[in-house]
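The lines below spell out each chain.
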Amino acid sequence: MLIRILKNRAVILSLAAVVTFFALVLGVGFGSVKLTFGECIRGLFFGTGTEGIIIRSLRLPRVLGALLSGAALGGAGLLLQSAVANPLAAPNTIGINAGAGAAVMLSLVFIKNSFVFQSVFAFLGALAAALVTLFIASRFGGMSRGTVVLAGVAVGAVFNAVISYLSVRFPDVLSSYASFSVGGFSGILWKDITAPSAVILFMLALGMLLAPLMNLLDLGDELAASFGVKTRALRFLLVVISAALASASVSYAGLIGFVGLIAPHVSARLIGSDKRFLYPMTLLFGSSLTVLSDLLARVLFAPSELPSGILLNAVGAPFFLALLIFGRRKGDV
Amino acid sequence: MIEFKSVSLKKGGKEILKNVSLRAPDSSVTVIIGKNGSGKTTLLRSLYSSRDITGEVLVDGAPAKEMSGRELSRAVSFMPQTLPNPDIRVRELVRLGRTPFAGAFGALSEADAEAADRAIELTGLSSLADARIPTLSGGERQRAFFAMLLAKDSKTVLLDEPSSSLDAPSRAMLAEFVRALRADGRCVVLVMHDLSDAVALADTVYVMEEGKASLPMTPDEFCESDIPRRVFASSVYKVWTENGERYVFRPADL
């Protein structure tokens, strides 16, 4: 009985939404400064005193930034996996994150503090990296699983070299190269996330609308075309949306890895591969993951803190390996 | 019914289809045979790329290029030669067959879900309805895709080399499936390279050679012509089986 209820996908999604909400509450409620429940509520709703500043101006933007970043990267991962029919595709494996990061660095060096330019640059860098990777993979490797990832690693390495060079050559543009390259949500303010959050919300909604078409795309080009899907246009659109999502996240959170790879895979285990359910599940899982790991990063060694990117990699990578090794099911790729 | 009228296609300066005309009526099995690279598959696919071709493809009398994706999808089912291996359950796959009839966001009505369940039953997959596609055997996977086509319920069914990777029982099931579709008044078009299977199933045979299609032939006309020997380097034998006469093809030099 319990199993049957849990198998209902609406129930699973609702549970995931509840978990995400609690992650959000915990993220706002806990931090290096200990606040009582009453202080949190006062800070949140009345915004007075020190607790008002801590909750409203520091924790809330940071936690929402983490939430949106997790959803954006998870969503981008799923859209990319669908676009290139490859379970290993993700913003960090096909070079999108690095492309966006290099473009952000370039805009910081040459245009200084223009937020609009920075977002546009990040998007163009991400898109360029994705298209170069996919072009190389399709031209020389027939889009095989290995080639896409290998090409992505190579393209990512080039862009990472650009990031490293610029950070050495212009050491003052980035307060901390290390925290940018590993990614994290430390010190995020409202002004950092206003523009990216608009992009992320819009692109996430667009992705949701495409979910039924992604189901058909999974049947391969020929069958999808016989169902009236314009496969080339759809694949391109999916890559563009992923690039927009990942670049928006990179522009304020740096090069967070692994969420884009982990969130879709774990979510598929929990809810199946129907994209209409898998996509929202991936967004919820990705957000909970980033919010909770950011919380841990803040409280584990309080009052000093780790960049969440380190924690995500440290927890995410072994978790993903465990899934690969112990979680294999018959017919898995 | 599907009709290709003087269809030509050039790709990279090379003519892949040369003025092909072919008519596949309802309640009938039309088989296209030819060697690899003769343009059989390209001809079927040209239905979905009607902008790239010269000539015309008509579906039930209407030009395909004027139909919307949804209309065309409802009218014609297509099964590619290489079946994909999506990580979904059999029931989900078969329900995807109802997509051209689905409401907003791919939502299926009660009737659509029932049509899908019926298709699963008809293909004998009830016990595997919740199995994931990647865990199925080759024959079972093919059956799952047949079920998807059945659920789609279109008047015209195009099958590209459906028997190429099947064992004997699955081939028998395929033949049964094709005959059932014909008996149901549908237009079935098969692309095949196995001559014995092709001749056993066909009402009408077209032979494709270097992008050109022959005139329509009955299976008898095909077997008695010089085409099996000239094009396929095969000798034709007539054998008597428990199900009556049958043509058998052997490589000519053996």
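A quick note: this is a predicted structure, and the numbers were derived from the prediction, not measured.

K.L.:
Explain the sheet that holds strand S4 (residues 54–59) of chain B here, please?
P.N.:
The pairing of strands in a sheet comes from backbone hydrogen bonds and takes either a parallel or an antiparallel form. All names here are of chain B. In space, the 4 strands of this open sheet follow the order S2-S1-S4-S5, with antiparallel pairing throughout. Every interior strand has two partners, whereas the edge strands, strand S2 (14–24) and strand S5 (62–63), have only one. Across 7 bridges, the pairing between strand S1 (residues 2–11) and S2 is antiparallel. By the bridge assignment, Leu9 is partnered in S2 with Leu17.

K.L.:
Explanation requested: the layout of surface pockets in the structure shown.
P.N.:
In this approach a probe as big as a water molecule rolls over the atoms, and the regions it shows empty are the leftover space. For the second largest pocket, the calculated volume is near 1,100 Å³. Every residue lining the second largest pocket is counted, 33 residues in all, and those nearest its centre are Arg9, Ile271 and Asp274 of chain A together with Arg89 and Glu92 of chain B. At the level of secondary structure, the elements contributing two or more residues to the lining of the second largest pocket comprise helix H1 (2–7), helix H2 (9–29), helix H10 (211–217) and helix H13 (259–271) of chain A together with helix H3 (90–96) of chain B. The residue inventory of the lining of the second largest pocket, partitioned by class, reads 13 nonpolar, 6 polar and 14 charged.

K.L.:
Could you clarify how one ought to interpret the interface of chain B and chain A in this entry?
P.N.:
Frequently, the measure chosen for interface size is the accessible area that the parts lose on association. The partner chain A presents 23 residues to the 27 residues of chain B that form the contact. Of the roughly 2,000 Å² buried between chain B and chain A, counting both surfaces, carbon and sulfur atoms make up 62%. Contact with chain A buries surface across chain B, with Leu96, Phe105 and Arg132 of chain B losing the most and accounting together for 27% of the total. Linking chain B to chain A there are 2 salt bridges. A salt bridge links Glu92 of chain B to Arg9 of chain A, with the shortest nitrogen-to-oxygen separation between them at 3.2 Å. Per-class residue counts for the side of chain B that touches chain A are 15 nonpolar, 7 polar and 5 charged.

K.L.:
What exactly am I supposed to notice about the pattern of salt bridges here?
P.N.:
One side chain can pair with another of opposite charge once the charged atoms of both are near each other. Counting across every chain of the model gives 23 salt bridges over all chains. Between Arg186 of chain B and Asp184 of chain B there is a salt bridge, with its nearest N and O atoms 2.7 Å apart. Take Arg186 of chain B: its relative accessible area is 14%, and that puts it in the buried class. Beyond isolated ion pairs, a larger network of salt bridges with shared partners links Arg9, Asp274 and Arg276 of chain A together with Glu92 of chain B.

K.L.:
Looking at this model, I keep getting lost on the side chain of Thr41 of chain B. Mind explaining?
P.N.:
With respect to the helices, strands and loops of the structure, Thr41 of chain B is situated in helix H1 (residues 40–45). The buried category is assigned to Thr41 of chain B, whose relative accessible area is 16%. In this structure the side chain of Thr41 of chain B is engaged in a polar contact, spanning 3.0 Å, whose partner is the side chain of Asp160 of chain B. Not counting residues within four places of it along the chain, the set of residues in contact with Thr41 of chain B comprises Glu222 of chain A together with Gln81 and Asp160 of chain B.

K.L.:
What's the story with the packing of aromatic side chains in this structure? I'm lost.
P.N.:
For any pair of aromatic rings, the description consists of the separation of the ring centres together with the inter-plane angle of the planes. The final tally for this structure, using the stated rule, is 6 aromatic pairs over all chains. Aromatic side chains Phe21 of chain A and Phe22 of chain A sit 6.2 Å apart centroid to centroid with 70° between the ring planes, which places their arrangement in the edge-to-face category. With a relative accessible area of 51%, Phe21 of chain A lands in the exposed category. Between the NZ or CZ atom of Arg169 of chain A and the centre of the ring of Phe170 of chain A, over which it lies, the distance is 5.1 Å. Over the ring of Phe101 of chain B we find Arg98 of chain B, and its NZ or CZ is 4.2 Å from the ring centre.

K.L.:
Looking at this structure, how should I read the pairing of strand S3 (residues 28–34) of chain B?
P.N.:
Note on strand geometry: in a regular strand, side chains alternate between the two faces of the sheet. Residues and elements named next belong to chain B. Of all 7 residues in S3, 7 are buried; the element is thus mostly enclosed. Burial along S3 is two-sided: Ser28, Thr30, Ile32 and Gly34 facing one way and Val29, Val31 and Ile33 facing the other are all buried. Across 6 bridges, S3 lies against strand S8 (residues 187–192) in parallel orientation. The partner of Ile32 across the bridge, within S8, is Val191. Pairing between S3 and strand S9 (residues 204–209): 5 bridges, direction parallel. Within the sheet, the bridge partner assigned to Gly34 lies in S9 and is Met208.

Thresholds, definitions, all that
- Residues numbered from 1 in each chain as written.
- Chains lettered and ligands numbered in written order.
- Predicted model: local features only at pLDDT ≥ 70, side-chain atom pairs only at ≥ 80, totals over all residues.
- Heavy atoms only, no water.
- Pairing = 2+ DSSP bridges.
- Helix = DSSP H or I, 4+ residues; strand = E, 2+ residues; numbered from the N terminus.
- 1 Å grid on protein atoms, 1.4 Å probe; cavity = no way out; pocket = protein on both sides within 12 Å on 5 of 7 lines; lining within 4 Å.
- Points joined across faces, edges and corners; volume = space filled by probe spheres on them.
- Nonpolar A, V, L, I, M, F, W, Y, C, P; charged D, E, K, R; others polar.
- Contact = heavy atoms within 4.5 Å.
- Buried area = accessible area lost by both parts, 1.4 Å probe.
- Salt bridge = Lys/Arg side-chain N within 4 Å of Asp/Glu carboxyl O.
- Buried < 20%, exposed > 50% of the residue type's maximum accessible area, 1.4 Å probe, protein only.
- Polar contact = N/O pair within 3.5 Å; in protein donor to acceptor, adjacent residues only side chain to side chain.
- Phe/Tyr/Trp six-rings, centres within 6.5 Å; stacked < 30°, edge-to-face > 60°.
- Lys NZ or Arg CZ within 6 Å of the ring centre and 35° of its normal.

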